[in-house]
Amino acid sequence: MNNRGPEISPDSTGGVRGILTIGLLFFIFGFVTWLNGPLITFVKLAFTLDDVNAFLVPMAFYLSYFFLALPASAILRRTGMKQGMALGLYIMAAGSVLFGQFTTMRDYPGALAGLFITGAGLSLLQTASNPYVCIIGPHESAARRIAVMGICHKLAGVIAPFIFAALVLKDVETFDTDVAKAPTHEAREALLDAFAARVYAPYLLMALMLALLGVWIARSKLPDVRPEPAVNSGEMRSVFAVPHLWLGVVCLFLYVGVEVMAGDAIGLYGAGFGLPISATRLFTSYTLFAMLIGYVAGLLVIPRFISQQSYLAVSAALGVILTVGAYLTGGYTSVAFIAALGFANAMMWPAIFPLAIRGLGSHTETGSAFLIMAISGGALMPYAFGLLKEHVDFQLAYLLLAVPSYLYILFYGVAGWRAKSAASLAQPI
């Protein structure tokens, strides 16, 4: 009995076009998301911040998912997924304009507000696009479709730090020296103002592109897929009666936390070894490149050779091994272990998300919203890393946060995804 809503074959009208269009969306919000890594380095210099306050960048960006995912699901019920995705792009464009403007003014709270609004648009976009990818085809191959989206997302993540470094962080080491040698306070402030203003034009251009993409999506022939209620009377009455969803929410929270630490915090992790900024500013790209390889590997083997849940468990075990390897080594070798976590993390979202929303039927949007709220793990865990490393060695801080997270993900891949309520679900797992 199918309670997953309508499925669209890639061979049906609009199917291939829909996959390609959603792939473009994943590329765009991958580009925006993975700018946070180099942005942490940027705001440290532009606003003269310590590490803890610099980590407010991912905090502001990812907390918007927690606060706005449920309202996003309510919006989607009224607008449908296609118009909801267009609206998300418009909100992201507004946030980009505000971030560029406030950063140029060197108003850090305003810049964080711009990032929060950008994240709000992304929360709406992701609340629509992730279940859309899941229900646009057979459930058994959902992880493969999400893997294709992940390739688009992480390819943008590989490119974004290089573009940001070329436009904004060029000559960053000489700039730092110039600021330190500024003869007067006024001269120092003038250098910092000019440095902060480097983001204005790139973010204004990005806002324009996001707005135009929103108009294109709204007017496109993209199928407006809506999940349908299950026809089986055994469908659960409440989303709160689904243990595998709630275990999945925790799993996704921890996964996003370790993913963002490996991608956004890797620069400051490398700086802990005294590595130069000219190298650390690009470390995010290395993590994303490893994730890109991981997505390709997952696309090739799931579900033909291994199930998505088994691959999730293997990936989590690899995450433990690589984290321990990073702790036991130093310098570029340790950084390489952290970057390699990108490979381990790659197929976690594509596996967790469809496993967690399986069988939700008419509750798909709500379940998806709770999962999107779990993206707030990307706000809290890097910030916890920043706080913890103030008191213990930074490698130990990373180990203490990452290893328990990977062990829980391992549990979900082995057993957690099978959990059922007493009433059970209409569709057997």
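This structure is a prediction, so every number in the text was calculated from the model and none was measured. (Residues numbered from 1 in each chain as written. Predicted model: local features only at pLDDT ≥ 70, side-chain atom pairs only at ≥ 80, totals over all residues. Heavy atoms only, no water.)

(A) Representation of the overall build of the protein chain within the structure. Summing up its helical and strand segments, the protein chain has 19 helices and zero strands in all. Taken across its 429 residues, the protein chain has 59% of its residues classed as buried. Of all intrachain contacts in the protein chain linking residues separated by at least 6 positions in sequence, the fraction that spans at least 24 positions is 85%. Carbon together with sulfur atoms contributes 67% to the accessible area of the protein chain, which is approximately 15900 Å² in total. (Helix = DSSP H or I, 4+ residues; strand = E, 2+ residues; numbered from the N terminus. Buried < 20%, exposed > 50% of the residue type's maximum accessible area, 1.4 Å probe, protein only. Contact = heavy atoms within 4.5 Å. Areas by Shrake-Rupley, 256 points an atom, 1.4 Å probe, with all protein chains shown as cover.)

(B) Just the packing of aromatic side chains, in detail. All told, the structure shown has 20 aromatic pairs when counted by the stated rule. For the pair tyrosine 62 and tyrosine 65, a centre-to-centre distance of 6.0 Å together with 25° between the ring planes defines the contact as stacked. Here tyrosine 62 pairs with tyrosine 65, and both are found in helix α4 (residues 56-104), just three residues apart, close to one helical turn. Using a relative accessible area of 1% as the deciding quantity, one classes tyrosine 65 as buried. Relative to tyrosine 286, the ring of phenylalanine 283 has its centre 6.0 Å away and its plane inclined at 45°; by these criteria the two rings are tilted. Of the two residues, phenylalanine 283 and tyrosine 286 both sit in helix α13 (residues 283-301), three residues apart, roughly one turn of that helix. With a relative accessible area of 2%, phenylalanine 283 lands in the buried category. Counting every residue linked through ring pairs, the aromatic cluster contains Phe55, Tyr269, Phe273, Phe385, Phe394 and Tyr398. (Phe/Tyr/Trp six-rings, centres within 6.5 Å; stacked < 30°, edge-to-face > 60°.)

(C) How the structure looks around the packing of helix α14 (residues 308-328) against helix α16 (residues 348-357). Packing of α14 against α16 leaves a shortest axis separation of 9 Å and a crossing angle of 135°. On the basis of their axis angle, the class for α14 and α16 is oblique. Relative to α16, α14 is oriented so that their crossing is left-handed. Across from Gln308, Gln309, Leu312, Ser315 and Ala316 in α14, the residues of α16 making contact are Met348, Ala351, Ile352, Pro354 and Leu355. The residue makeup of the contact of α14 with α16, split by class, is seven nonpolar, three polar and no charged. (Axes fitted to C-alpha atoms, helices over the stretch in contact; angles between N-to-C directions. Parallel < 35°, antiparallel > 145°, perpendicular 65-115°, else oblique. Left-handed = near helix turned anticlockwise from the far one by under 90°. Nonpolar A, V, L, I, M, F, W, Y, C, P; charged D, E, K, R; others polar.)

(D) A look at the layout of surface pockets. If you add up the space inside the largest pocket, you get close to 350 Å³. Around the largest pocket, the lining comprises 16 residues; the ones closest to its centre are Phe31, Pro202, Leu205, Met206 and Met209. Taken together, the elements giving at least two residues each to the lining of the largest pocket come down to α1 (15-33), α6 (142-167) and α9 (200-219). Here the lining of the largest pocket takes seven residues from α9, the largest share from any one element. Its residues assigned to classes, the lining of the largest pocket comprises 16 nonpolar, no polar and no charged. (1 Å grid on protein atoms, 1.4 Å probe; cavity = no way out; pocket = protein on both sides within 12 Å on 5 of 7 lines; lining within 4 Å. Points joined across faces, edges and corners; volume = space filled by probe spheres on them.)

(E) Layout of the pattern of salt bridges. For the coordinates displayed, the defined rule picks out five salt bridges. The shortest N-O distance in the salt bridge between lysine 44 and aspartate 51 comes to 2.7 Å. A relative accessible area of 15% places aspartate 51 in the buried class. In this structure, the salt-bridge partner of glutamate 189 is arginine 188, at a minimum N-O distance of 3.3 Å. Classification of arginine 188 as partly exposed rests on a relative accessible area of 27%. Through salt bridges with shared partners, one network takes in Arg106, Arg188, Glu189 and Asp193. (Salt bridge = Lys/Arg side-chain N within 4 Å of Asp/Glu carboxyl O.)

(F) Highlighting helix α2 (residues 36-46). For α2, the buried fraction is high: ten of the eleven residues fall into the buried class. By the burial criterion, the buried members of α2 are Asn36, Gly37, Pro38, Leu39, Ile40, Thr41, Phe42, Val43, Leu45 and Ala46. Positioned one or two residues after α2, threonine 48 has a phi angle of 50°, which is positive.

(G) Layout of the side chain of histidine 244. Counting through the fold element by element, histidine 244 comes out in helix α10 (residues 243-264). Within polar-contact distance, the side chain of histidine 244 engages the backbone oxygen of alanine 356 at 3.3 Å. (Polar contact = N/O pair within 3.5 Å; in protein donor to acceptor, adjacent residues only side chain to side chain.)

(H) A look at the nonpolar core. The biggest cluster of nonpolar side chains holds 136 residues, and the ones touching the most others in it are Phe42 and Phe385. Of the residues forming this core, the biggest block, 16 residues, is contributed by α4. (Core = buried A, V, L, I, M, F, W, Y, C linked by side-chain atoms within 4.5 Å.)

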